[in-house]
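Secondary and tertiary structure notes
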Amino acid sequence: MNQLEQEIISAAATFAKDRMSRLHSSHGWDHVERVVALAAKIAATEKKADPFIIQVAALLHDIARIDEVDSTGIQCHAERGSSIAYEFLLQCGLEEKRAHHIRNCILSHRYRNEHVPDTIEAKVLYDADKLDSIGAVGIGRAFLFSGEVGARLHNPDIDVSLAEAYGKEDTAYREYIVKLRHVSDKMLTDEGKRIAHERHRFMVDFFNRLQDEVKGLS
Ligand SMILES: [Fe+2]
Ligand SMILES: [Fe+2]
């Protein structure tokens, strides 16, 4: 990487870390550091992927999550974050074409609405971000988030498909049933699929055992 690219990576890390300082840790800077590492691992298996684009997009992908929290979910952090990142990168001296590319990676990292990850860099970011929600880390994050919203360790009596998200009944198990057990089917890269398969198996074993343990069966 040339000097400008190294300077931009350093500036992006500082900018993102600062913007994310008020977030709870389930969706904070630690998550970004893991996504950066996972994205680099996946990128190493994709010959055509641009590692600079991927690293900067991963560093900046959640910079507007605080705006989403402050607006109680009205502001989409992918949409807002992609605009903030684009302006930031132009100010850093990055050429417009690459700033635009990174903006699109961030815009599509949730794969919501019409925002489809349609470049290899966007697909790598999407997979890395989703992988951080499954496996041992995903289990840890699900329980951490439950603690942040004051939920219970487990609630075997609730209808997991009906319980309200972001509420006291939003247990890690509900998150697993509704979302996390489907994540491994949604990977877009071969390496993402491989890692997701391993993480998925571990997570299924964990939640099966949790069900048994809370019933006193093991
Ligand atoms: Fe995100
Ligand atoms: Fe993320």
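Predicted, not measured: the structure shown is a model, and the values here were computed from it. (Residues numbered from 1 in each chain as written. Chains lettered and ligands numbered in written order. Predicted model: local features only at pLDDT ≥ 70, side-chain atom pairs only at ≥ 80, totals over all residues.)

Some thoughts on the packing of helix α6 (residues 96-107) against helix α7 (residues 120-131)
How two helices sit against one another is set out by the angle between their axes and by the gap between those axes. For clarity, the threshold we go by: All axes here are fitted lines through C-alpha atoms, helices being fitted over the stretch that makes contact, and every angle between N-to-C directions spans 0 to 180 degrees. In this description a helix means any DSSP run of H or I spanning at least four residues, a strand means any run of E spanning at least two, and both kinds are numbered starting from the N terminus. The crossing is said to be left-handed when, going from far helix to near helix, the turn is anticlockwise and less than a right angle, and right-handed when the turn is clockwise. Our contact criterion uses C-beta atoms placed from the backbone: two residues qualify when those atoms are within 7 Å. Residue polarity is assigned by list, with Asp, Glu, Lys and Arg as charged and Ala, Val, Leu, Ile, Met, Phe, Trp, Tyr, Cys and Pro as nonpolar; anything else, Gly included, falls into the polar class.
For the pair α6 and α7, the least separation of the axes is 9 Å and the interaxial angle reads 35°. Here the hand of the crossing between α6 and α7 comes out right-handed. Contacts from His101, Asn104 and Cys105 in α6 reach Glu121, Ala122 and Leu125 in α7. When the residues that make up the contact of α6 with α7 are grouped by side-chain class, the tally is three nonpolar, two polar and one charged.

Some thoughts on helix α2 (residues 29-43)
Spelled out, the test is: Multiplying one less than the number of residues by 1.5 Å gives the expected span of a helix. Exposure is read from a count of other C-beta atoms within 10 Å of each residue's own; the residue is exposed at 12 or fewer, buried at 20 or more and partly exposed in between. C-beta atoms are placed from the backbone.
Over its 15 residues, α2 extends 21 Å from the first C-alpha to the last, a length consistent with the 21 Å expected when each residue adds 1.5 Å. Every buried residue belonging to α2 is among His31, Val32, Val35, Val36, Leu38, Ala39, Ile42 and Ala43, and all of these are buried. In this structure, the buried side of α2 is in contact with α1 (3-19), α3 (51-60), α7 and α10 (190-214).

What to know about the nonpolar core
We count it as follows: When buried Ala, Val, Leu, Ile, Met, Phe, Trp, Tyr and Cys residues are joined through C-beta atoms within 7 Å, the set is termed a nonpolar core. An automatic or database domain assignment supplies the start and end points of every domain.
With 52 residues, the main nonpolar core has Ala39, Ala57 and Leu125 as its most contacted residues. Per element, the largest residue contribution to this core is eight residues, and it comes from α3. Counting the residues that make up this core, at least three belong to each of domain 1 (1-116) and domain 2 (133-218). With residues up to four places along the chain from it excluded, the contact list for leucine 125 reads Ala39, Ile54, Ala57, Ala58, His61, Cys105 and His109.

As for the domain arrangement of the protein
You can read the domains of the protein as domain 1 (1-116) and domain 2 (133-218). Domain 1 and domain 2 are separated by 26 Å when their C-alpha centres are compared. Between domain 1 and domain 2, the residue contacts involve seven residues of the former and nine residues of the latter. Classifying every residue of the side of domain 1 that touches domain 2 by side-chain character gives one nonpolar, four polar and two charged.

Things to note about the environment of histidine 197
Here histidine 197 shows up in helix α10. Here histidine 197 falls in the exposed class, since 11 other C-beta atoms lie within 10 Å of it.

Topic: the environment of isoleucine 195
Relative to the assigned elements, isoleucine 195 resides in helix α10. On the neighbour-count criterion, isoleucine 195 (21 C-beta atoms within 10 Å) is buried.

Things to note about α3
Among the 10 residues of α3, nine are classified as buried, and the element is accordingly described as predominantly covered. When α3 is considered as a whole, its buried residues turn out to be Phe52, Ile53, Ile54, Gln55, Val56, Ala57, Ala58, Leu59 and Leu60. The secondary structure elements touched by the buried residues of α3 are α1, α2, α5 (77-91), α6 and α7.

Some remarks on unusual backbone geometry
Here threonine 72, not a glycine, exhibits a phi torsion of approximately 45°, which is positive. Within the secondary structure, threonine 72 sits in the loop between α4 (65-70) and α5. We note that tyrosine 111 has phi near 55°; this positive angle belongs to a residue other than glycine. As for its position among the elements, tyrosine 111 is in the loop between α6 and α7. Accessibility expressed as a C-beta count within 10 Å gives 16 for tyrosine 111, which makes it partly exposed.

Some points on the packing of α2 against α3
Applied cut-off: Orientation is classified from the angle alone, with under 35 degrees giving roughly parallel, over 145 giving roughly antiparallel, 65 to 115 giving roughly perpendicular, and any other angle giving oblique.
Running from N to C, α2 and α3 point in directions that differ by 160°, and their axes come no closer than 9 Å. By the criterion of interaxial angle, the relationship of α2 to α3 is roughly antiparallel. Crossing handedness for the pair α2 and α3: right-handed. Contacts between α2 and α3 pair Val32, Val35, Val36, Ala39, Ala40 and Ala43 from the former with Pro51, Ile54, Gln55, Ala58 and Leu59 from the latter. Taken together, the residues that form the contact of α2 with α3 break down as 10 nonpolar, one polar and no charged.

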